[in-house]
Amino acid sequence: MALVLSGQGEKTSPILEWIRKYSAYLCYPLALAGIIWLLLLPLQNFSRRAYFSENAMMPGQAHSMFGADEHIAATSMIDSALAAEEKGRDSDARAKALFNVFEELGLDSEIQRFKFEEVPGVGETEGTNVHGILRAPRSDAVEALLIAASWTTSANKTNINAVRLMAGLAKYASEQTYWAKDVIFVVTDSGEKGIEAWLKAYHGANSGAPIHVRSGLIQAAMSLELPAATKYSGLGVFFEGKSGELPNLDFVNIVQRISQLEHIPAFLHGMRDLPRGASFIDRYMRSAHLLLRQVRSQAIGLTVGVHAPFLRYRIDALTISGIVSQDDPIALQSSAAGFMVPEALSQVTIRALGRTIESTMRSLNNLLEHFHQSFFFYILPANQRYISIGDYIPAAGLMVASLLVQAMHLWWMQGTDDLRSSNPRTRIERMNKYYSFLRRTLPNGLGIILRVHALGVLLLAIPLIVPHAVLTHTTSTAYVFTVTLASISMVLHVSDVYWASKKRALVDWRQLKALVEVYMAVMLACLSVMNFSLAVTMFAIAGLPLLLTRVCNYTTKAHRVANLVFLMATSPICILGLSRTALLGLNPLDFASSPFRLFLENFHHFSSLIYPLLCLVYWPVNLLCMVIALIP
């Protein structure tokens, strides 16, 4: 209560008096300090050298034995599945051929046929998964490790090299007796959606496509993505989930350490290390580029490989992707011919890749319990370096503090000047006017906030209730929905504002902005713990425009128009339109795909937070900023 009434001349503590006095000047330095903190993260002083917290894994301590002639020959066993691929890429024939290969290698195998919808109400698509389980001779099928691959890469190119290598690994693993965990091999023809369907069935969900050949609790999973090439100059490690989930840091460190020992180094997001003599600016820009890639992946949900669905089930997973040289002849031939069956990798590359995965699986085989000792919240500015949550979370704290400080200042400054008098003789009269002011304006301000969010709920629910044909091409439809609802909302709010008398206003813009800022600050504080990258992105596109909306009590129409133009430039329509090519990599002329459709797919299949936040937070806050700018 002292905090609420301190702006009405009530005596409070010296700290509150100091905050009230300087609150108008503190919010912007706090936001600037948060941005500067983010800019300091690429510096080497902010990161630490990576290390292993789980000593039992002993990465690289065992002698790798993959690479015998029979293992290399096993990779060609998968060529029987390629005949179906060459004859129209028949999914069923290809799945049966792969099933026969797994059976010949001694795996307990099964084919899963399932159906899924790209987005709700558009129609079902059929998919096929094939999995084989190598039963560990030293366990009772309580725990398992998993290797997964899709028939196509994230760039929609053939991923047959990964399936070939998987067959060679299955042949090698079936000859060994040291396995303490079952090893599961999964191949899908539907990418992440196929893996999600397999995981639902594996964990007993009623998905309509059950599987009967199962193992135990999956401790860790690796996804392989090996494009057509003669050899790879290195490996790329991708580890982000659809909603910002991350595997245990020890898992990432294992892959990087072992790949270095096998002379096929793995780089985060495929970005190589700079030479030792690189300048300070080059190192800073390289680290900043890598951090921005991670922010994009975690904030938008763009992932490489099929590892992301495993993270939703608390299964540590990542993707290993081959880095192809630009002048590789097989890669150039494959790009020119489209989807084709390439020649096999060189034996040297197969041995290096196989030993890297073998050694990684043997380290995972040593786990006595689930990954738990190392970090689950981190960002990686460089290979073999990390930034823990304690070092980067202050940036989000400063951004949240800037919103709260400005909200306190606006709350203290709401109403007319006579409500903030410090004359003790008029205390009772002043408090009565203040409470009368709150009773008149607070319900109206809360009503505007609830009305905008009710329209946001409608936007969230529209794709679930519209006819099939409406969402077939989602780009224009989504924008029309957004513009229509925004127009209706603005008409309602503007009518509320201008029907009110200026002498007896029904809504106070300071009070409304303070309420929205408190709501935004609480949301960002909660989101920063779960997904720091998404929280920073939300502050950049919604929190910062809210902070800068109506920085003073302007009265001219030019200021109001300039503020509205700024808010339109940061609205969801403009941001999503600009992000089609810059962030999402979508073709500007491809009207069958859109950010709206991508976010809706991720929400429908993987419960991603992006689409709900777009409808329930970003869009309503942007509209509320426009209302604040229009209030007299």
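Check the entry above for the structure.
Starting from 1, residues in each chain are numbered consecutively following that chain's sequence as written. In keeping with the model being predicted, local features are shown solely for residues with a pLDDT of at least 70 and side-chain atom pairs are shown and tallied solely at 80 or more, while totals for entire chains, interfaces and linings include all residues. Excluding hydrogens and water, the side-chain figures rest on all heavy atoms present in the structure.

1. Describing the environment of Cys574
Moving on, step 1. Secondary structure is summarised from DSSP: a helix means a run of H or I of at least four residues, a strand means a run of E of at least two, and numbering begins at the N terminus for each. With respect to the helices, strands and loops of the structure, Cys574 is situated in helix H19 (residues 572-582).
Moving on, step 2. Its relative accessible area of 28% is what places Cys574 among the partly exposed residues.
Moving on, step 3. Not counting chain neighbours up to four residues away, the residues in contact with Cys574 comprise Met568 and Ala569. Note on exposure labels: buried denotes an accessible area under 20% of the residue type's maximum, exposed denotes more than 50%, and partly exposed covers the range between, all computed with a 1.4 Å probe on protein chains only. We call two residues in contact when some of their heavy atoms are within 4.5 Å.

2. Some words on helix H6 (residues 160-174)
Moving on, step 1. The length a helix should cover is 1.5 Å for every residue beyond the first. Helix length check: H6 (15 residues) gives 21 Å between terminal C-alpha atoms against 21 Å at 1.5 Å per residue, within 8%.
Moving on, step 2. Judged by how many residues are buried, H6 sits mostly within the fold: 13 of 15 residues are covered.

3. Here we look at the pattern of salt bridges
Moving on, step 1. Between Lys or Arg on one side and Asp or Glu on the other, a salt bridge is scored when a side-chain nitrogen of the former is within 4 Å of a carboxyl oxygen of the latter. Going through the model one piece at a time under the given rule, you end up with nine salt bridges.
Moving on, step 2. A salt bridge links Arg113 to Asp92, with the nearest nitrogen and oxygen atoms 3.3 Å apart. Note that Arg113 is positioned in strand E2 (residues 108-117) and Asp92 in helix H5 (residues 91-104), a separation of 21 residues in sequence.
Moving on, step 3. We classify Arg113 as partly exposed; its relative accessible area is 44%.
Moving on, step 4. Here Asp92 falls in the partly exposed class, since its relative accessible area comes to 34%.

4. Describing the nonpolar core
Moving on, step 1. Among the nonpolar cores identified, the biggest contains 69 residues, and Leu165, Phe185, Phe239, Val252 and Met361 are the most heavily contacted of them.
Moving on, step 2. Here the element with the most residues in this core is H6; it accounts for ten residues.
Moving on, step 3. In contact with Val252, other than residues within four places in its own chain, are Val237, Phe239, Pro247, Leu268, Leu318, Tyr378 and Leu380. The criterion is simple. A nonpolar core is a set of buried Ala, Val, Leu, Ile, Met, Phe, Trp, Tyr and Cys residues joined through side-chain atoms within 4.5 Å.

5. Some details on the sheet that holds strand E3 (residues 124-134)
Moving on, step 1. With respect to topology, eight strands assemble into an open sheet ordered E2-E3-E5-E4-E6-E9-E7-E8, the strand pairing being mixed. Pairing within the sheet leaves two strands with one partner each, and these edge strands are E2 and strand E8 (266-268). On average, each strand axis in the sheet is tilted by 25° relative to the strand beside it, whichever way the strands run.
Moving on, step 2. What makes two strands pair is DSSP finding at least two bridges between them. Alignment of strand E6 (residues 217-225) against strand E9 (residues 316-323), held across six bridges, turns out to be parallel. Bridging from a neighbouring strand, Ser223 pairs with Thr319 of E9. Fitting a line to C-alpha atoms yields each axis, with helices limited to the stretch in contact; the angle taken between N-to-C directions then spans 0 to 180 degrees.

Worth remembering: the numbers are spatial, not functional.
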